Structures are given as structure tokens and as C-alpha cells.
Amino acid sequence: MPIPQHGGSHAPTPVTSARRAPYVQVAVDTEHHLIVTHEVTNTGSDRSQLAKVASQAKDILGADHLDAVADRGYFNSPEILACEQADITVTLPSR
């Protein structure tokens, strides 16, 4: 069936514009190799997830301070600042 070029109520919606795959953010205890917390989102970027997941991990572990290591996909200055203010030291490469 051909897809109408100018829309209409009967036009099928392309899957790529209507759906996003879920993204899972995970915090792992590096000493015991156990998942401490996870977050499932449908945002297409990791850039806004660092402070939330790191803070959850810190709370669950009952730690006064947390060292977080992340890949460059998490690089976001406001997120890094939020971690700093929460006594979370972040190690990650810059863009």
C-alpha cells in the first residue's frame, strides 16, 4: 500500500517518529559488581541523567560521598555541577 505524501487521517505514522526505544541508566557498585539503582527513560540522550542516577546511588548506599565514573555521553555542565553540589565526584571525558 503506498504511503500518502501529504498526510491525512488515514496516513500511517512512521515508527521512527512515533516511538522511541527505552534507555536504561544503571549505577553499579564497582567493588561488588552489583547494580545499585536503575532508571528507564525514553529520552534520547544520557546528558540529563547523570545527577539523578548518581544521587539515587548515593542515597541507596547511604554514602556521604560518591565517586561516579561515566562515559562522554553524560557530559553536561549543569549535571556535573549538580553532582558536585551533592558531594558526588564525577570522572568522565569531555566532549
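Calculation criteria
- Going along each chain's sequence as written, the residues are numbered from 1 onward.
- Restriction of local features to residues with pLDDT of at least 70 applies here, the model being predicted, together with a cutoff of 80 or more for giving and counting side-chain atom pairs; totals for whole chains, interfaces and linings are based on all residues.
- Here the side-chain values reflect all heavy atoms present in the structure, with hydrogen atoms and water set aside.
- Definition of nonpolar core: a set of buried residues of the types Ala, Val, Leu, Ile, Met, Phe, Trp, Tyr and Cys, connected through side-chain atoms within 4.5 Å.
- Burial status follows relative accessibility: with a 1.4 Å probe on protein chains alone, a residue under 20% of its type maximum counts as buried, one over 50% as exposed, and anything between as partly exposed.
- Helix and strand definitions here come from DSSP, where helices need a minimum of 4 consecutive H or I residues and strands a minimum of 2 consecutive E residues; each element is numbered from the N-terminal end.
- When checking whether two residues touch, look at their non-hydrogen atoms; a contact exists if any pair is within 4.5 Å.
- Any Lys or Arg side-chain nitrogen found within 4 Å of a carboxyl oxygen on Asp or Glu counts as a salt bridge.
- Residue-level confidence of the predictor is what pLDDT reports, using numbers from 0 through 100.
- By the convention used here, strands pair only if DSSP detects at least 2 bridges between them.
- Here a crossover is taken to be right-handed if, once the strands point away from the viewer, the path from the first strand over the helix to the second is traced clockwise.

J.: Which residues make up the nonpolar core, and what values go with them?
T.: Within the largest apolar cluster, 16 residues are counted, with the highest numbers of intra-cluster contacts made by Leu50, Cys83, Ile88, Val90 and Leu92. Elements with a contribution of two residues or more to this core: α2 (50–61), β3 (66–69) and β4 (88–91). The leading source of residues in this core is α2, at five residues. Excluding its chain neighbours within four sequence positions, the residues that come into contact with Leu92 are Ala70, Asp71, Tyr74, Phe75 and Ile80.

J.: Talk me through the pattern of salt bridges; I want residue IDs and the actual numbers.
T.: Per the stated rule, a full pass over the model turns up one salt bridge. As a salt-bridge pair, Glu39 and Lys52 come within 3.1 Å of each other at their nearest N and O atoms. Taken together, the residues span a long stretch of sequence, with Glu39 in strand β2 (residues 34–41) and Lys52 in helix α2 at a distance of 13 residues.

J.: So what about the confidence of the model for the protein? Which residues, and what values?
T.: On average, residues of the protein score 82 in pLDDT, and 79% of them are at 70 or above. Predicted confidence in the protein is weakest over helix α1 (residues 15–18), with a mean pLDDT of 52, and strongest over β4, with 96. Every residue in residues 1–14 is under pLDDT 50, and counting partners more than four places away or in other chains gives five contacts.

J.: For the pairing of β4, give the residues involved together with the corresponding values.
T.: What you see with β4 is a clean split: Ile88 and Val90 sit on the buried side and Thr89 and Thr91 on the side with no burial. As paired elements, β3 and β4 share four bridges and run parallel to each other. Residue Asp67 lies in a different strand from β4, and its bridge partner there is Thr89. Following the backbone out of β3, through helix α3 (residues 77–85) and into the adjacent parallel β4, one traces a crossover that is right-handed.

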